[in-house]
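# Remarks on the overall topology
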Amino acid sequence: MKTDLKISFEFFPPKNLKMHQDLWETLNKLKIFYPDFVSITYGAGGSTRKRTHDTIKKFTYRPSIRPIPHLTCIGDTRNSIKKLATNYWKMGIKSIVVIRGDSENIKLTKKSKFVTYPNGYKYASELISDLRKIRDFEIIVGVFPEQHPESKDIKEDIENLKRKIDLGASKGITQFFFDNNKFYEFINIIEKKNIKIPIIPGILPIINFNKLNKLAENCNASIPKKITNLYKNKREYEYELSVNIATKQCEDLIKNGFKNLHFYTLNRSDLTGKICSNLTKKKLIKKPYDAFWT
Ligand code: FAD
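Let me begin by describing the structure that accompanies this report. Just so we're clear, the structure is a prediction, and the values are computed from it rather than from any experiment. (Residues numbered from 1 in each chain as written. Predicted model: local features only at pLDDT ≥ 70, side-chain atom pairs only at ≥ 80, totals over all residues. Heavy atoms only, no water.)

### Things to note about the packing of aromatic side chains
- Tallying each qualifying case throughout the model produces 11 aromatic pairs.
- Ring centres of Tyr184 and Phe258 lie 6.0 Å apart, and the angle between their planes is 20°; on these two criteria the pair is classed as stacked. Here Tyr184, found in helix H6 (residues 180-192), pairs with Phe258, found in the loop between helix H9 (238-255) and strand S8 (260-264); they are 74 residues apart in sequence, far enough to count as distant.
- Look at Tyr184 and you get buried, because its relative accessible area is 15%.
- Through pairs of rings, three or more aromatic residues link up here, namely Phe177, Phe183, Tyr184 and Phe258.
- Directly above the ring of Trp89 sits Lys94, whose terminal nitrogen or CZ lies 4.7 Å from the centroid.
- Over the face of the ring belonging to Tyr34 we find Lys286, whose NZ or CZ atom lies 4.2 Å from the ring centre. (Phe/Tyr/Trp six-rings, centres within 6.5 Å; stacked < 30°, edge-to-face > 60°. Helix = DSSP H or I, 4+ residues; strand = E, 2+ residues; numbered from the N terminus. Buried < 20%, exposed > 50% of the residue type's maximum accessible area, 1.4 Å probe, protein only. Lys NZ or Arg CZ within 6 Å of the ring centre and 35° of its normal.)

Below you can see the structure in the form of structure tokens.
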């Protein structure tokens, strides 16, 4: 089956040996879908600097996987962050997801103030500017289809995205969303502003609907009534419902011409694997090289 759809997976760096083993197991189950890359987050508050680096290093030993670290402005000096980036380049890492980062346990609002570390970066754009001076990294940035919670309006977000593109960002990954129409509206707006970089939709399979509301609210991701009602009146297991919802969301994105999908796996293979398997059966993504999910 020929398809030009590219998928990617996001993981967080494991905290302990058990989580480490779980991550490799997850990866082994998901890598059969030929991910274009896997990205490794940088924990809130800058808490996982070493763990992100060490996980990326381990991924570099697997030639079939392209690891991309997230790098944030948080909890470190400019010099220290630049050193880390230079080290990534030496390890063969050519792409970075460049993000401002968030402080731990903070609810983002228009009034929340990001606390800059002494001699640190304030905005993702400042970090992009320095990274591009260090090496010719491919820079991937965060995009917010329903507006970043701190921005006063969508115009501010678009100006910020433009600024990052002018400094060298060449791809965006979105915050997760559940309402494709809102995403398409956003894409229309940015295209009118002549923003042409590929924007990769970020897909979050719903693990636990009851816990989703708080997270979605903090991230400005609206949950359509239709989805809330499906969980309220569910007739199937929550797992099946979540898989069906995300599969439909992906199908619609693919039909509307989006050629990349980024899955927020939360280090679990079950939901993302089943969604990818469904897309395979519908011949929307490349057939896995192993029969694990079929
Ligand atoms: P920025 O681009 O710096 O923008 C933040 C806010 O400041 C926006 O409101 C913007 O409009 C405003 N702003 C930016 N520049 C200026 C300026 N020059 N003047 C005035 N205002 C300005 N968090 C983590 O902690 N670790 C991760 O690994 C991580 N990965 C992520 C991956 C993706 C794909 C996404 C979408 C988010 C991720 N996050 C992560 C969350 C992210 O840190 C938060 O969403 C953060 O609040 C914003 O990051 P940003 O890069 O968009 O920030």
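Now that the structure has been shown, the text picks up again.
### Considerations on the site of the ligand
- Taken together, 24 residues lie near the ligand, and Tyr42, Asp102, His148, Ser151 and Lys164 sit nearest.
- In the model, a nitrogen atom of the ligand is placed 2.5 Å from a nitrogen or oxygen of the Tyr42 main chain.
- At 2.6 Å from an oxygen atom of the ligand is found a side-chain nitrogen or oxygen belonging to Lys164.
- Across the complex, the protein chains shield 87% of the 990 Å² of accessible surface that the ligand would expose by itself.
- Mapped onto the shell around the ligand, the elements with two or more residues apiece are strand S3 (67-72), helix H5 (154-167) and strand S6 (169-176).
- Sorting elements by how many residues they give to the shell around the ligand places H5 first, with four residues.
- Class assignment for the residues of the shell around the ligand results in nine nonpolar, nine polar and six charged. (Near = heavy atom within 4 Å. Polar contact = N/O pair within 3.5 Å; in protein donor to acceptor, adjacent residues only side chain to side chain. Areas by Shrake-Rupley, 256 points an atom, 1.4 Å probe, with all protein chains shown as cover. Nonpolar A, V, L, I, M, F, W, Y, C, P; charged D, E, K, R; others polar.)

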